[in-house]
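Analysis of the macromolecular model
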Amino acid sequence: MNAIPTCREVERDLVAVAAGEAGATEARGVERHVAVCRDCRAELEALLADIRSRMVSYGIFPSPLGKILIARSELGVSMVRYIDSEASAKAYLARLAGDEAVEDPAAVEATYRELLDYLNARGTRLSWPLDLRWAQGDFQRRVLAVTAQLPYGAVTSYGGIARRIGAPASVRAVAQALRHNPIPIAIPCHRVIGSGGDLTGYAGTRIGLKERLLSLEGVPVGHRARKIERGHMYILAEGEVEYCVPSCGDISRKPLAEVTLFGSRQHAEAVGLSPCTSCRPDLHPLSA
Ligand SMILES: [Zn+2]
Ligand SMILES: [Zn+2]
């Protein structure tokens, strides 16, 4: 009977076994060694966990917004992408993730179902854990983190996001960061609009989808100009806990970057805001 290989002898084979690239003899040696060596067993488990956490499963599904690619890892959802062509979407993912991305629709089916519920107005929250592996750097991560906090049914401007990350002059950089949002819908970049209320861009040229997502949340979009009219929205000023009608006090003169707009009282109150005791939006609601 062969001697059990030593730690030194299996060192390199551990990596090969974890990666699924070891030959039968090496695999057998590692198996016999880790049966008796606790350190190497822990090392192998750590290598396997690392590889598992890098793997991403994805599927391509139909949705009310067209075909959507959804990818997730064991950490969370890492990509939602509107696609025109399955072949180019797969090629994109392959460039990004190499052979760590595996088409496995069953693994993302539950995520897809939740997304469908959301898009069909059967839910207002996507409480997915997110895996931001494809965010591009710290600035974009900060922009995405703040954007993720925007409540359902609310909008602010790119300048508003820039203020919230403490970089009020970086409006264009914020717009760029959101343009490359790897997880749209779940990170609701559709709730961020131009300083004049115009919808501006969304996922390239899909501005119609932005309008649909906002309409779904009860945000009134002027159809001809694709513009949000402040005069038809409830307003929350920076740092306040009461929401107002648009004509309250000096709030109507505040730039969009310093306020959050809500399409309905219901969505404002859903995040714990109360009606302003001076303009009383509860007594004088906006007409729909
Ligand atoms: Zn060992
Ligand atoms: Zn007020």
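Residues numbered from 1 in each chain as written. Chains lettered and ligands numbered in written order. Predicted model: local features only at pLDDT ≥ 70, side-chain atom pairs only at ≥ 80, totals over all residues. Heavy atoms only, no water.

1. Concerning the coordination of the zinc ion (ligand 2)
Cut-off, in case you're wondering: Only N, O and S atoms count as donors, using a 2.8 Å cut-off from the metal and 3.2 Å for Na, K and Ca, and because water is excluded some sites may appear unfinished. Four donors are marked tetrahedral only if all angles between them lie between 85 and 135 degrees, whereas four are marked square planar and six octahedral if opposite donors are more than 155 degrees apart and the other angles lie between 65 and 115; the remainder are marked irregular. The helix count covers DSSP runs of H or I at least four residues long, the strand count covers runs of E at least two residues long, and both are numbered beginning at the N terminus. Whether a residue is buried, partly exposed or exposed follows from its accessible area with a 1.4 Å probe, protein chains only, as a fraction of its type maximum: under 20%, in between, or over 50%, in that order.
Around the zinc ion (ligand 2), the protein supplies Cys244 (SG), Cys248 (SG), Cys276 (SG) and Cys279 (SG) as donor atoms, at distances of 2.3 to 2.4 Å. The coordination sphere of the zinc ion (ligand 2) comprises four donor atoms, whose angles at the metal cover 104 to 122°; the geometry is tetrahedral. We note that the donor set of the zinc ion (ligand 2) lies within a single chain, spaced as C-x3-C-x27-C-x2-C. Here the residue Cys244 occupies a position in the loop between β10 (242-243) and β11 (259-262), and Cys279 occupies one in the segment after β12 (274-275), the gap between them amounting to 35 residues. Relative accessible area serves as the criterion here: at 12%, Cys279 is assigned to the buried category.

2. Focus: helix α2 (residues 24-36)
What counts, and what does not: An expected span of 1.5 Å times one less than the residue number is assigned to each helix. By definition, residues are in contact when any of their heavy atoms lie within 4.5 Å.
Compared with an ideal rise of 1.5 Å per residue, which puts 13 residues at 18 Å, α2 spans 19 Å between its outermost C-alpha atoms and is within 8% of the ideal. Within α2 the residues assigned to the buried category are Gly29, Val30, Arg32, His33 and Val34. For α2, the secondary structure elements touched by its buried residues are α1 (7-18) and α3 (38-54).

3. Observations regarding the coordination of the zinc ion (ligand 1)
Looking at the zinc ion (ligand 1), one finds its protein donor set to be Cys7 (SG), His33 (NE2), Cys37 (SG) and Cys40 (SG), positioned 2.1 to 2.3 Å from the metal centre. The coordination sphere of the zinc ion (ligand 1) comprises four donor atoms, whose angles at the metal cover 97 to 119°; the geometry is tetrahedral. Residue classification places Cys40 among the buried positions, given a relative accessible area of 10%.

4. Focus on the sheet that holds strand β5 (residues 154-157)
Keep this limit in mind: Each pair of strands is called paired provided DSSP finds at least two bridges between the two strands.
Here four strands make up an open sheet; going across it, the order is β6-β5-β11-β9 and the pairing mixed. Taken across any chain shown, the strands that pair with only one partner, and hence form the sheet edges, are β6 (192-193) and β9 (234-237). Sheet analysis places β9 next to β11, joined by four bridges and oriented antiparallel. By the bridge assignment, Tyr234 is partnered in β11 with Phe262.

5. Looking at the pairing of strand β3 (residues 77-82)
Of all the six residues making up β3, five are buried; the element is thus mostly covered by neighbouring parts of the structure. For strand β2 (residues 68-72) and β3, the ladder comprises five bridges, and the chain directions are antiparallel. Opposite Leu69, over in β3, you have Arg81 as the bridge partner. Joining the antiparallel neighbours β2 and β3 is a turn of four residues, in which Gly76 adopts a positive phi near 155°.

6. Some words on the sheet that holds strand β1 (residues 56-61)
The criterion, for reference: Where helices are involved, their axes are fitted lines through C-alpha atoms of the stretch in contact, as for all axes, and angles between N-to-C directions lie from 0 to 180°.
Within the open sheet, the four strands sit side by side as β3-β2-β1-β4. Their pairing is mixed. Strand pairing shows two members of the sheet lacking a second neighbour, β3 and β4 (101-103), which therefore form its edges. The sheet shows a mean angle of 25° between the axes of neighbouring strands, direction not considered. In the sheet, β1 pairs with β2 via five bridges, with the strands oriented antiparallel.

7. With respect to the pattern of salt bridges
Basically, it comes down to this: Each salt bridge in this description consists of a side-chain nitrogen of Lys or Arg and a carboxyl oxygen of Asp or Glu lying within 4 Å of one another.
For the coordinates displayed, the defined rule picks out 17 salt bridges. Salt-bridge contacts for Glu109 lead to Arg113; the nearest nitrogen and oxygen are separated by 2.9 Å. With a gap of four residues between them, Glu109 and Arg113 both fall in helix α5 (residues 105-119), about one helical turn apart. Taking the relative accessible area as the measure of exposure, Glu109 reaches 28% and is therefore partly exposed. The partner of Glu238 in a salt bridge is Arg163, with the nearest N and O atoms 2.7 Å apart. Within this pair, whereas Glu238 is found in the loop between β9 and β10, its partner Arg163 is found in helix α7 (residues 158-164), the two being separated by 75 residues in sequence. On the basis of relative accessible area, Glu238 is assigned to the partly exposed category, the value being 44%.

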